[in-house]
Amino acid sequence: MKQELMEITAQRLLAPRIYEMTLKGALVEQMEVPGQFLHLRVPQNDLLLRRPISINDINHEEGTCRIIYRVEGDGTRVFSEMKVGDKLDVMGPLGNGFQLSELHAGDTAFIVGGGIGIPPLYELSKQLIAKGVTPVHFLGFASKEVMYYEEEFLALGDTYIATDDGSYGTHGHVGHLLAQMMEQPNAVFSCGANGMLRAVESRYLGKIANVQLSLEARMACGMGACYACVCHLQEDESGQKSVKICDEGPIFPAGKVVL
Ligand SMILES: Cc1cc2nc3c(=O)[nH]c(=O)nc-3n(C[C@H](O)[C@H](O)[C@H](O)COP(=O)(O)OP(=O)(O)OC[C@H]3O[C@@H](n4cnc5c(N)ncnc54)[C@H](O)[C@@H]3O)c2cc1C
Ligand code: FES
């Protein structure tokens, strides 16, 4: 993990309130594993806490990485107003990413994402393909209006889309898409709201050994020191044991933590 003032080399609006930002800097050399995140300082003095945002794409040839973020509050609004050439104070890469070591050429992986949990799954899919693994993508959005990256995922493999309001693709959530699949994959990777992660967990836990879920929590330090981001373990009758999402996660095997 390092810290650097990275340069913004591109910023574009993908959908209402959803932006894709490209950052250039030496920090990209440290980025290898999909599913890790960056901790971004908001260049505004009254906003002290950094904002955690997942790495969406790593490009070692160009020395750039991309993030996709949705404007939620003051911090992300400030990011959205920054221009090409501006510098952003970045700490990272942080956290443990997705584990790909148990997958082999010829395997199939289901990639299940919802809303603003979709960005890290793009780099994951690219790296799976580089290993000879076939990804199948299942992406859920609230509506067609806030959908993004359909073309980018289609370029990597089969992509099925669901919208909560039925304005595009299958009507309903991604669980409906998964219910239609007869094929059993070798691994399942998922990132999105806890409700979606619970649906993925209950569908595959005990049936497929390699199910990896990416969690979110409110964070402060982002590196394991402040305990702001703890969640509880499923197999803990005392209810006392916890793990920190920022440095032990954000990726956990299904069945490990209480969602
Ligand atoms: C590991 C991880 C990866 C993430 N990846 C992405 C991503 O790729 N794209 C994206 O749009 N969002 C992502 N998020 C959520 C993102 O961090 C929050 O939307 C963002 O911090 C909100 O900041 P704000 O100042 O705009 O909103 P505010 O609500 O004003 O934020 C106030 C405070 O709460 C914290 N906070 C608010 N919501 C969250 C949240 N969901 N998770 C953690 N801290 C939060 C902020 O860091 C800040 O300290 C991720 C969160 C985590 C934990
Ligand atoms: S955010 Fe401080 S320990 Fe995780």
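This is a predicted model, so every value here is computed, not measured. (Residues numbered from 1 in each chain as written. Chains lettered and ligands numbered in written order. Predicted model: local features only at pLDDT ≥ 70, side-chain atom pairs only at ≥ 80, totals over all residues. Heavy atoms only, no water.)

1. Describing the site of ligand 1
Move 1: Neighbouring ligand 1 are 20 residues, the closest being Pro 52, Thr 76, Glu 216, Ala 217 and Arg 218.
Move 2: Here Thr 76 contributes a side-chain N or O atom positioned 2.4 Å from an oxygen atom of ligand 1.
Move 3: When ligand 1 sits alone it has 820 Å² of accessible area, and the protein chains cover 85% of it.
Move 4: When residues of the shell around ligand 1 are traced back to their parent elements, those giving at least two are β4 (51–54), β6 (64–70) and α1 (74–80). (Near = heavy atom within 4 Å. Polar contact = N/O pair within 3.5 Å; in protein donor to acceptor, adjacent residues only side chain to side chain. Areas by Shrake-Rupley, 256 points an atom, 1.4 Å probe, with all protein chains shown as cover. Helix = DSSP H or I, 4+ residues; strand = E, 2+ residues; numbered from the N terminus.)

2. Here we look at the environment of Gly 192
Move 1: You can see Gly 192 is positioned in the loop between β12 (187–191) and α5 (194–204).
Move 2: Separated by 73 residues in sequence, Gly 192 and Pro 119 have C-alpha atoms that sit 9.8 Å apart.

3. Observations concerning the sheet that holds strand β16 (residues 251–253)
Move 1: Strand order in this open sheet of seven strands is β11-β10-β9-β8-β12-β13-β16, and the pairing throughout is mixed. At either margin of the open sheet sits one strand with a lone partner, and together these are β11 (170–171) and β16.
Move 2: Note: strand β9 (residues 134–141) against strand β10 (residues 159–163), five bridges, orientation parallel. Within β10, the residue paired with His 137 across the bridge is Thr 159. (Pairing = 2+ DSSP bridges.)

4. Some points on the nonpolar core
Move 1: Counting residues in hydrophobic clusters, the biggest one holds 32 residues, and the most contacted among them are Phe 138 and Leu 215.
Move 2: Within the residue set of this core, elements represented by two or more residues are β7 (87–94), β8 (108–114), β9, α4 (174–179), α5 and β13 (210–214).
Move 3: For this core, the leading source of residues is α5, giving four residues.
Move 4: Excluding residues that lie within four positions of it along the chain, Leu 215 makes contacts with Leu 197, Cys 231, Ile 245, Pro 250, Phe 252, Val 257 and Leu 259. (Core = buried A, V, L, I, M, F, W, Y, C linked by side-chain atoms within 4.5 Å. Buried < 20%, exposed > 50% of the residue type's maximum accessible area, 1.4 Å probe, protein only. Contact = heavy atoms within 4.5 Å.)

5. Quick look at the pairing of strand β3 (residues 37–40)
Move 1: A two-sided burial pattern is seen for β3, the buried positions comprising Phe 37 and His 39 on one face and Leu 38 and Leu 40 on the other.
Move 2: Here four bridges tie β3 to β4, and the two strands are oriented antiparallel to one another. What sits directly across from Phe 37, in β4, is Ser 54.

6. Comments concerning the sheet that holds β4
Move 1: The strand order β4-β3-β7-β1-β2-β6-β5 describes an open sheet built from seven strands, whose pairing is antiparallel. A single partner strand is all that each edge strand has here, and the edge strands are β4 and β5 (57–59). Across this sheet, the average inter-strand angle for adjacent strands is 35 degrees, counted without regard to direction.
Move 2: Two strands pair when backbone bridges link them, and β5 and β6 are joined in this way by three bridges, in the antiparallel orientation. By the bridge assignment, Asp 57 is partnered in β6 with Arg 66.
Move 3: Across the sheet, helix α2 (residues 119–130) touches β4, β5 and β6, and the angle it forms with β5 is around 50 degrees. (Axes fitted to C-alpha atoms, helices over the stretch in contact; angles between N-to-C directions.)

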